[in-house]
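Residue-level structure breakdown
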Amino acid sequence: MQNLLEKIYLTNDLSNEEITYLLENITHEDREVLNNYALKTKQAYYGNKVYLRGLIEFSNICRQDCLYCGIRASNAKVKRYRLTPEEILGCCDQGYELGYRTFVLQSGEDLWYTEEILSSLIQEIKRRYPEVAITLSIGERRVGTYQRLFTAGADRFLMRHETASKELYEKLHPMMSFEERRTCLSSLKEIGYQVGAGFMVGLPGQTFADLAEDLRYLKELCPDMIGIGPFIPHSETPLGAEKGGTLKDTLVMVALARLLIPESLIPATTALGTLHPQGRELALKAGANVVMPIITPTSVRKQYALYENKICGDDHPEDCRYCIERRIQSAGFEVDLGRGDSWRFIEV
């Protein structure tokens, strides 16, 4: 095990079999070594900085029916909402005043927001704030749509691959295609976006071999951002009675992702903060270097419930902004409110 940990630290590579063995046999002491290596690797690329992004969850309407998601189309108990472009711009105005220089626009797959509406919105954000980065997380669209939104000024696109197991993917996503998901990610990279992928840890039926394949897929894709979070069951989904993923297992995957794809940006997710009071801080110590405080209006914030008991539901944007800054600093890190581009794009 020590040889494997040293190998991944020095070479940023392990085979599927080696990753699987590591996951099957890792001990508490091994995790401490792994986290230390991951933190050193993160510091080599990004120093002690933690980048803040302002997250705007602008619609909880979704055409898809993913088995684990609280805003899936079949969940009739969700109170649906859709922010207007003017309301989204209001969130950006407030976020800019709070110091954010990246806005993450996230929603369900809501086709009310056409190419025209999204392009105009992106252009207006860039007109008001030319120096900000715009990240989209809106799911699967046509390649032509991705191209138009990029031309309008979008900089980044987040789309988790969810799982690298075709069998598991198709079981969890009855209306979606495993191949189409990967095609979308490849197309986004070709267009020129800074691209984010990622997966959930602890999904029902997921094996250590599946998790190893997730990491190998990311190694091959080489995304600019990697989102890894625990599976947290939602009671109004088909997986509501299943056991959730653990903090411990998720932190191992965060650290391994940092070592395998060292130049990526990796968020300390809200889901980890939901699992454990210090979940985000522990992720930062395991190699994560991004936090995304929520600037969604409090009037609708609780309705964007991909999973239950999500933290910060009643907080105002200014509360989230200064609370997370204090937490990052108390964990020994430095807040960076700049664009926080991927290392590869900084190099360009």
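Scope of this entry: the structure provided in the associated data block. Note that this is a predicted model, so its numbers are computed, not measured. (Residues numbered from 1 in each chain as written. Predicted model: local features only at pLDDT ≥ 70, side-chain atom pairs only at ≥ 80, totals over all residues. Heavy atoms only, no water.)

Notes on the overall build of the protein chain
- Looking only at helices and strands, the protein chain has 15 helices and nine strands in total.
- A globule of 348 residues ought to have a C-alpha radius of gyration of about 20 Å, and the protein chain, at 19 Å, matches this closely.
- Projected onto the principal axes, the alpha-carbon positions of the protein chain cover approximately 55 × 40 × 40 Å.
- Here the protein chain holds 348 residues, and the buried ones make up 60% of them.
- Within the protein chain, counting contacts between residues at least 6 apart in sequence, those at least 24 apart form 75% of the total.
- For the protein chain, the accessible surface area stands at approximately 13,800 Å², while carbon and sulfur atoms represent 50% of it.
- Charged side chains of the protein chain number 41 positive and 48 negative; the gap between the two group centres comes to 3 Å. (Helix = DSSP H or I, 4+ residues; strand = E, 2+ residues; numbered from the N terminus. Rg over C-alpha atoms; globule rule 2.2 N^0.38 Å. Buried < 20%, exposed > 50% of the residue type's maximum accessible area, 1.4 Å probe, protein only. Contact = heavy atoms within 4.5 Å. Areas by Shrake-Rupley, 256 points an atom, 1.4 Å probe, with all protein chains shown as cover. Lys, Arg positive; Asp, Glu negative; His and termini not counted. Charge placed at Lys NZ, Arg CZ, Asp CG, Glu CD.)

Focus: the pairing of strand E7 (residues 225-230)
- In terms of residue burial, E7 counts as a mostly covered element, since six of its six residues are buried.
- Judged by which residues are buried, E7 turns out to be covered on both faces: Met225, Gly227 and Gly229 on one side and Ile226, Ile228 and Pro230 on the other are all buried.
- Inspection of the sheet shows strand E6 (residues 194-201) paired to E7 by six bridges, in the parallel sense. When the bridges of E7 are listed, Gly198 appears paired with Gly227. (Pairing = 2+ DSSP bridges.)

Focus: the packing of helix H4 (residues 85-97) against helix H5 (residues 115-128)
- Where H4 meets H5, the axes come as close as 11 Å, and the angle between the chain directions of the two elements is 30°. It follows that H4 is roughly parallel to H5 by the angle criterion. When the axes of H4 and H5 are compared, the crossing they make is right-handed. Contacts between H4 and H5 involve Pro85, Ile88, Leu89, Cys92 and Asp93 on the former and, on the latter, Ile117, Leu121, Glu124, Ile125 and Arg128. (Axes fitted to C-alpha atoms, helices over the stretch in contact; angles between N-to-C directions. Parallel < 35°, antiparallel > 145°, perpendicular 65-115°, else oblique. Left-handed = near helix turned anticlockwise from the far one by under 90°.)

Some details on the packing of aromatic side chains
- Counted by the stated rule, this structure contains ten aromatic pairs.
- Aromatic pair Tyr9 and Tyr37: ring centres 4.2 Å apart, planes at 5°, arrangement stacked. Residue Tyr9 is located in helix H1 (residues 2-11), and its partner Tyr37 is located in helix H3 (residues 28-46); the two are separated by 28 residues in the primary sequence.
- Judged by its relative accessible area of 27%, Tyr9 falls in the partly exposed class.
- Here Tyr45 and Trp343 contribute two aromatic rings whose centre-to-centre distance is 4.9 Å and whose plane-to-plane angle is 75°, an arrangement assigned as edge-to-face. Of this pair, Tyr45 sits in helix H3 while Trp343 sits in helix H15 (residues 343-347); the two residues are 298 residues apart in sequence, bridging distant segments of the chain.
- Relative accessible area serves as the criterion here: at 27%, Tyr45 is assigned to the partly exposed category.
- Among the aromatic residues, ring-to-ring pairing joins Tyr146, Phe150, Phe157 and Tyr193 into one connected group. (Phe/Tyr/Trp six-rings, centres within 6.5 Å; stacked < 30°, edge-to-face > 60°.)

Concerning the layout of surface pockets
- Considering only enclosed or pocket space, the largest pocket measures out at about 200 Å³ in volume.
- By residue class, the composition of the lining of the largest pocket is five nonpolar, six polar and three charged. (1 Å grid on protein atoms, 1.4 Å probe; cavity = no way out; pocket = protein on both sides within 12 Å on 5 of 7 lines; lining within 4 Å. Points joined across faces, edges and corners; volume = space filled by probe spheres on them. Nonpolar A, V, L, I, M, F, W, Y, C, P; charged D, E, K, R; others polar.)

Some details on helix H14 (residues 317-330)
- The end-to-end C-alpha distance of H14, which contains 14 residues, comes to 20 Å, matching closely the 20 Å that a straight helix rising 1.5 Å per residue would cover.
- Of all the residues in H14, the buried ones are Pro317, Cys320, Arg321, Ile324, Glu325 and Ile328. All buried residues of H14 project into a common sector of 125° when viewed along the axis, lining one side. Pointing more than 90 degrees away from the buried face of H14 are the exposed residues Arg326 and Ser330.
- In this fold, the buried residues of H14 make contact with strand E1 (49-52), H4, helix H12 (279-284), strand E8 (290-291), helix H13 (298-301) and strand E9 (334-336).
- Positive backbone phi, at 100°, marks Gly332, one or two positions downstream of H14. (Expected span 1.5 Å × (residues − 1). Arc of directions from axis to C-beta.)

What about unusual backbone geometry?
- A positive phi angle, near 55°, is found at Cys222, a position not held by glycine.
- Relative to the assigned elements, Cys222 resides in the loop between helix H9 (208-221) and E7.

Some points on the pairing of strand E2 (residues 54-59)
- Of all six residues that make up E2, six are buried, and the element is covered over most of its length.
- Once the chain exits E2 it traverses H4 before rejoining the sheet at strand E3 (residues 102-107), and the crossover so formed is right-handed. (Right-handed = clockwise from strand over helix to strand, strands pointing away.)

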